[in-house]
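Fold and contact review
These are the residues of each chain, in order.
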Amino acid sequence: MTDTALQARIGRKWRKPPFVKNAALRWSLFIVAAIYLVLAVGSLEVNWERVSEGLIRGWRFIAAFLNPDFTTRGEDIRDGLIESGIITIASTVVGILISVPIGLGAARNIAPLPVYLVCRGIIALSRALNEIIVAILLVAIFGFGPLAGFITLSFATIGFLSKLLAEDIEDMSRVQAEAVRATGASWLQWINYGVQPQVLPRLIGLSMYRLDINFRESAVLGLVGAGGIGATLNTAFDRYEFDTAAAILLIIILTVMALEYASGIIRARVQ
Amino acid sequence: MPISDVSGRKVWQLRSRNEQLARWAMWLVGVAIFMWCWQRISEATTWVFVWDAPRIAADMGARAWPPRWSYMSELWVPLWDTLNIATLGTLLAIIAAVPVAFLAARNTTPSALFVRPVALFIIVSSRSINSLIWALLLVSIIGPGVLSGLLAIALRSIGFCAKLLYEAIEEIDPKQVEAVTATGASRWQVMAYGIVPQILPAFAGVTVFRWDINLRESTVLGLVGAGGIGLQLKSSLDVLAWPQVALILIIILLAVLLSEWVSARVRGAII
């Protein structure tokens, strides 16, 4: 701050600088947001009668949560869970295996332009297609069963992991990579000793996170017939067996919690 | 530093023998688990269908092309609904997530023993249940429609936003907070002037990021009856109107790409 600017400020009350500096832009943003909100809320069609009627059912569901029924459909729940677990593990492993080369190719600082464009294209495609839509199409093609779910999640994992891996590689310190290169390392050695140590901790962390996501996603794939606990859950909802549904949801929540805890420990150890 | 002796010459090694053995054992177990999972998936798959898949895919593609462009006139309203579900859902989620995040962050929680676990449980349960399952639940409780979708998106996003926010709060620079405290600021003033400015970029980034995800998810909520363009997708799929399905998929893809572009621009401007 120059001396005169400082002089002008002395004696005046400090005010928080605004989030958007340009006043005209700030106000027009506000106004656009307000108009949108009015229009959006106005176009909501809500059947309040139906909602208030539903609240009773909502209470029944919450009551079911306090008294979940694990045993009546115990067999189905167990089979569904095992299948979900299998899909999760297999798709995460395959997803990681495929996303590492694609992630390398999608990092602008180590890949030539044509490779970069192809890899970014694959990532964009994988991220743009919703898992459920992919699952619907794959079920139509491959038939019902865990294979469709497995391919869906592997494909989704690629978009997630490669993108974050590529961004991580682009952010890496060039100094280390260059030092390794200066020793006369081959391309593979360069990646192995110059790049990999910089990104590996984060890659492991992200893989654990993706394992967690894949488990959660595998729980919905069953809704469209792609295997896993979702099918059991859907059946429970269709039969209005809220206590069984609550049991399944609780199991999902607890598994995710356990996975998150485990991934926290692993991430703390590798970082 | 582990060094091996190769015919009288000392060669540098990354790991000692025991570390190397432990690593091999880990890999062995990992590969065995993966192979077992793959075997289970393979057993549950009708491979005849899979070998037939290319033909079926080609057949589906031939039926779906060209998309039925005239159907577009019926898609504008569902698209608007989809946008509203995503935006209003994100808004609701953010409003609910901020207090949860402050309660969950170690450095701002009023009680690490009692309040923090509750906040963490809210975060985990919201995050571990996919929005499609929330939608399924809400549709069976308050009936089909945009409101169910909106609430499903909001419920699903609370955990995500709160988690990223509380991590941002935990990572703030304590010096600024201390400096503001040292001026004699009250608890709320410390929050407003010491903590909030530090997390504001993260907050805006998380909001836009989640909005982007929510737009993707709201495109499929209609599959379970929760409004938006997914309803049209489901009805088209149910009558095997593949040209309509193709058009809807193209529209969804465009919407997702657009939202990604918007979110990238906004995040670029903020951070």
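Everything numeric here is computed off the predicted structure, so don't read it as measured data.

Details of the overall build of chain A
Broken down by element type, chain A carries eleven helices and zero strands. Along the chain direction, N to C, the helices and strands of chain A fall in the order α-α-α-α-α-α-α-α-α-α-α. Compactness check: chain A gives a C-alpha radius of gyration of 26 Å against a globular reference of 18 Å for 271 residues, more than 25% above the reference. For chain A, the spread of C-alpha atoms along the three principal axes comes to 75 × 60 × 35 Å. The buried share among the 271 residues of chain A stands at 41%.

Considering the overall build of chain B
Helices and strands together make up the secondary structure of chain B, namely ten helices and two strands. Shown N-terminal to C-terminal, the secondary structure of chain B runs as helices and strands in the order β-β-α-α-α-α-α-α-α-α-α-α. Computed over its C-alpha atoms, the radius of gyration of chain B comes to 26 Å, more than 25% above the 18 Å expected for a compact globule of 271 residues. The C-alpha extent of chain B, read off along each of the three principal axes, is 70 × 65 × 35 Å. Each of the 271 residues in chain B was classed as buried or not, and the buried ones make up 40%.

Topic: the interface of chain A and chain B
Where the parts come together, the accessible area they lose is often given as the size of the interface. Each side of the interface is counted separately: chain A has 43 residues, and chain B has 44 residues. Within the residue set of the side of chain A that touches chain B, elements represented by two or more residues are α3 (48–66), α4 (74–105), α6 (131–142), α7 (146–170), α9 (187–221), α10 (229–238) and α11 (242–270) of chain A. Class assignment for the residues of the side of chain A that touches chain B results in 30 nonpolar, seven polar and six charged.

Describing the confidence of the model for chain B
Averaged over all residues, the pLDDT of chain B is 85; the fraction at 70 or higher stands at 99%. With pTM at 0.79, the complex prediction returns an ipTM value of 0.76.

Here we look at the pairing of strand β2 (residues 9–12) of chain B
Looking at chain direction, strand β1 (residues 3–6) of chain B and β2(B) are connected through four bridges and run antiparallel. Paired with Ile3(B) across the two strands is Trp12(B), which belongs to β2(B).

Remarks on unusual backbone geometry
One non-glycine residue with positive phi stands out, namely Leu240(B), at about 55°. Among the secondary structure elements, Leu240(B) is positioned in the loop between α9 (229–238) and α10 (242–270).

Quick word on helix α8 (residues 187–218) of chain B
When the terminal C-alpha atoms of α8(B) are compared, their 39 Å separation across 32 residues is substantially less than the 46 Å that a helix rising 1.5 Å per residue should span. Considering bend angle alone, the principal kink of α8(B) is centred on Val196(B) and spans about 55°; proline Pro197(B) follows within four residues of it.

So, the environment of Pro54(B)
By secondary structure assignment, the location of Pro54(B) is in helix α2 (residues 47–64). Measuring from C-alpha to C-alpha, the distance between Pro54(B) and Ser126(B) comes to 39 Å, with 72 residues separating the pair along the chain.

Remarks on the packing of α10(A) against α11(A)
Residue and element names in this part refer to chain A. Look at α10 against α11: their axes get within 8 Å of each other, and the N-to-C directions meet at 150°. Of the possible angle classes, the one that applies to α10 and α11 is roughly antiparallel. Remark: the crossing between α10 and α11 carries left-handed chirality. Seen from α10, the contacting residues are Ile229, Thr232, Leu233, Ala236 and Phe237; seen from α11, they are Thr244, Ala245 and Ile248. The class makeup of the residues in the contact of α10 with α11 is six nonpolar, two polar and no charged.

Comments concerning the domain arrangement of chain B
Annotation of chain B at the domain level lists domain 1 (3–64) and domain 2 (72–270). Averaged C-alpha coordinates put domain 1 of chain B and domain 2 of chain B at centres separated by 35 Å.

Examining the packing of helix α8 (residues 174–182) of chain A against α9(A)
All names here are of chain A. Closest axis-to-axis distance for the α8/α9 pair is 9 Å, and the angle between their directions is 165°. By the angle between their axes, α8 is roughly antiparallel relative to α9. Handedness of the crossing formed by α8 with α9: right-handed. Of α9, the residues touching α8 (which contributes Gln176, Ala177, Val180 and Arg181) are Trp190, Tyr193, Gly194, Val195 and Gln198. Residues of the contact of α8 with α9, tallied by class, amount to five nonpolar, three polar and one charged.

Side note on the environment of Met72(B)
Relative to the assigned elements, Met72(B) resides in the loop between α2 and α3 (76–104). Sequence separation of Met72(B) and Leu247(B) is 175 residues, and the distance between their C-alpha atoms is 7.7 Å.

The rules we used
Residues numbered from 1 in each chain as written. Chains lettered and ligands numbered in written order. Predicted model: local features only at pLDDT ≥ 70, side-chain atom pairs only at ≥ 80, totals over all residues. Helix = DSSP H or I, 4+ residues; strand = E, 2+ residues; numbered from the N terminus. Rg over C-alpha atoms; globule rule 2.2 N^0.38 Å. Buried ≥ 20, exposed ≤ 12 C-beta atoms within 10 Å, placed from the backbone. Contact = placed C-beta atoms within 7 Å. Nonpolar A, V, L, I, M, F, W, Y, C, P; charged D, E, K, R; others polar. pLDDT = per-residue confidence, 0-100. Pairing = 2+ DSSP bridges. Expected span 1.5 Å × (residues − 1). Bend = angle between axes of the 7 residues up to and from the residue. Axes fitted to C-alpha atoms, helices over the stretch in contact; angles between N-to-C directions. Parallel < 35°, antiparallel > 145°, perpendicular 65-115°, else oblique. Left-handed = near helix turned anticlockwise from the far one by under 90°. Domains from an automatic or database assignment.

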